[in-house]
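Summary of the model geometry
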Amino acid sequence: MAQTVAVIDYGMGNLHSVASALAKVGGGMEVAVTADAATILGADRVVFPGVGAIRDCMAEIRRLQLDAVVREVLQRGRPLLGICIGMQVLLERSEENAGVDCLGLIAGKVAFLGDALQSRDGERLKVPHMGWSQVRQSQAHPLWQGIPDQARFYFVHSYYVHAQERGLVAGTVDYGVTIDAALARDNLFAVQFHPEKSAEHGLRLLQNFLTWKP
């Protein structure tokens, strides 16, 4: 029987671009874009993407009771990949929208990049952070297999993750501040960048996820 991957759908972002990228590298794996709890929990792997304002995202996640589903996926040991907002909502709280409580699955916060960001060379940096940036791999991980350190990935965000437990940080990017670009714990891997928009390295990361055995 073919393996299945569920892309959690709570109405935020172009989830079909994620699904298309997964299908491209999946080698016949069945990809379902869904908010149905039974389908998500029955999948072999789960992707938790999202873009937009975190207040709206959390409201929909809770309305659809997907917060409980995500917790159950992790408890069952299924591989879970968080992307962009799907990474940020794993933290305890975000500064966005005057402060929003998140899922609290990882200790730490989501903070605003700032209004006066500068590079180390004194160059003024724009917010949102949008475009290609080099990711430094903080630790070895199966999802980095075949991806060189300092490979470029595509980012679009104005808020960034800072995990309290630094041992969970699997990748960072410098953009005026040090941004936690990837977090890893047990069967969870989460990234701030968009692998589905990150050309060959992004597709390789998705392919690695589809074969990952935590």
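Up top is the structure these notes are about.
Residues numbered from 1 in each chain as written. Predicted model: local features only at pLDDT ≥ 70, side-chain atom pairs only at ≥ 80, totals over all residues. Heavy atoms only, no water.

Points about the side chain of His 129
With respect to the helices and strands, His 129 occurs in strand E8 (residues 129-134). Overall, His 129 belongs to the buried group, its relative accessible area being 1%. Of the polar contacts made by the side chain of His 129, one reaches the side chain of Ser 133; its length is 2.8 Å. Every residue in contact with His 129, bar those within four places of it in the chain, is listed here: Leu 113, Phe 155, Val 156, His 157, Tyr 175 and Ile 179. (Helix = DSSP H or I, 4+ residues; strand = E, 2+ residues; numbered from the N terminus. Buried < 20%, exposed > 50% of the residue type's maximum accessible area, 1.4 Å probe, protein only. Polar contact = N/O pair within 3.5 Å; in protein donor to acceptor, adjacent residues only side chain to side chain. Contact = heavy atoms within 4.5 Å.)

What to know about the nonpolar core
Residues Phe 48, Trp 144 and Phe 189 are the most contacted members of the largest nonpolar core, which totals 77 residues. Here Phe 48 is in contact with Ile 8, Tyr 10, Ile 61, Val 70, Leu 80, Leu 81, Gly 82, Ile 83, Gly 86, Val 89, Leu 90 and Leu 103, once residues within four sequence places are set aside. (Core = buried A, V, L, I, M, F, W, Y, C linked by side-chain atoms within 4.5 Å.)

Thoughts on the environment of Arg 63
Structurally, Arg 63 can be placed in helix H3 (residues 54-63). Between the alpha carbons of Arg 63 and Met 87 there is a distance of 19 Å; along the sequence they are 24 residues apart.

Focus: the layout of surface pockets
Approximately 280 Å³ is the volume found for the largest pocket. When its residues are assigned to classes, the lining of the largest pocket shows three nonpolar, four polar and six charged. (1 Å grid on protein atoms, 1.4 Å probe; cavity = no way out; pocket = protein on both sides within 12 Å on 5 of 7 lines; lining within 4 Å. Points joined across faces, edges and corners; volume = space filled by probe spheres on them. Nonpolar A, V, L, I, M, F, W, Y, C, P; charged D, E, K, R; others polar.)

Notes on the pairing of strand E1 (residues 4-8)
With five of five residues buried, E1 lies mostly within the body of the structure. Burial of E1 is two-sided: the residues Thr 4, Ala 6 and Ile 8 facing one way and the residues Val 5 and Val 7 facing the other way are all buried. In the sheet, E1 pairs with strand E2 (residues 30-34) via five bridges, with the strands oriented parallel. Across the sheet, residue Val 5 finds its bridge partner in E2, namely Val 31. The parallel pair E1 and E2 is bridged by helix H1 (residues 15-25), and the resulting crossover is right-handed. Note: E1 against strand E3 (residues 45-48), three bridges, orientation parallel. Note on E3: the bridge partner recorded for Val 5 is Arg 45. (Pairing = 2+ DSSP bridges. Right-handed = clockwise from strand over helix to strand, strands pointing away.)

Describing the sheet that holds strand E12 (residues 169-174)
The strand order across the open sheet formed by eight strands is E2-E1-E3-E4-E14-E13-E12-E9, and the pairing between neighbours is mixed. For this open sheet the edge positions go to E2 and strand E9 (136-137), each flanked by a neighbour on one side alone. Here strand E13 (residues 178-185) runs beside strand E14 (residues 188-191); their pairing, made up of four bridges, is antiparallel. Residue pairing for E14: Ala 182 is matched across the bridge by Val 191. Here H1 sits on the sheet and contacts E1, E2, E3 and strand E4 (80-83); the angle it forms with E2, its principal contact strand, is near 170 degrees. (Axes fitted to C-alpha atoms, helices over the stretch in contact; angles between N-to-C directions.)

With respect to the packing of H1 against helix H6 (residues 199-211)
The N-to-C vectors of H1 and H6 enclose an angle of 70 degrees; their axes lie 9 Å apart at closest approach. By the angle between their directions, the pair H1 and H6 is classed as roughly perpendicular. Crossing handedness for the pair H1 and H6: right-handed. Here Ala 21, Leu 22, Lys 24 and Val 25 of H1 come into contact with H6, specifically with Leu 203, Leu 206, Gln 207 and Leu 210. (Parallel < 35°, antiparallel > 145°, perpendicular 65-115°, else oblique. Left-handed = near helix turned anticlockwise from the far one by under 90°.)

Comments concerning the side chain of Ser 198
For Ser 198, the position within the fold is in the loop between E14 and H6. For Ser 198, the side chain forms a polar contact with the main-chain nitrogen of Tyr 154, separated by 2.9 Å. Within the structure, the side chain of Ser 198 is placed 2.6 Å from the backbone oxygen of His 194, a separation counted as a polar contact. When sequence neighbours within four positions are dropped, the list of residues in contact with Ser 198 reads Trp 132, Phe 153, Tyr 154 and Phe 193.

So, H3
If you check which residues of H3 are buried, you get Ile 54, Cys 57, Met 58 and Ile 61. One face of H3 carries all of its buried residues, which in axial projection span an arc of 95 degrees. Contact partners of the buried residues in H3: E3, helix H4 (66-75), helix H5 (85-88), strand E5 (93-94) and strand E6 (100-101). Looking at the residues trailing H3, positive phi occurs at Gln 65, about 60 degrees. (Arc of directions from axis to C-beta.)

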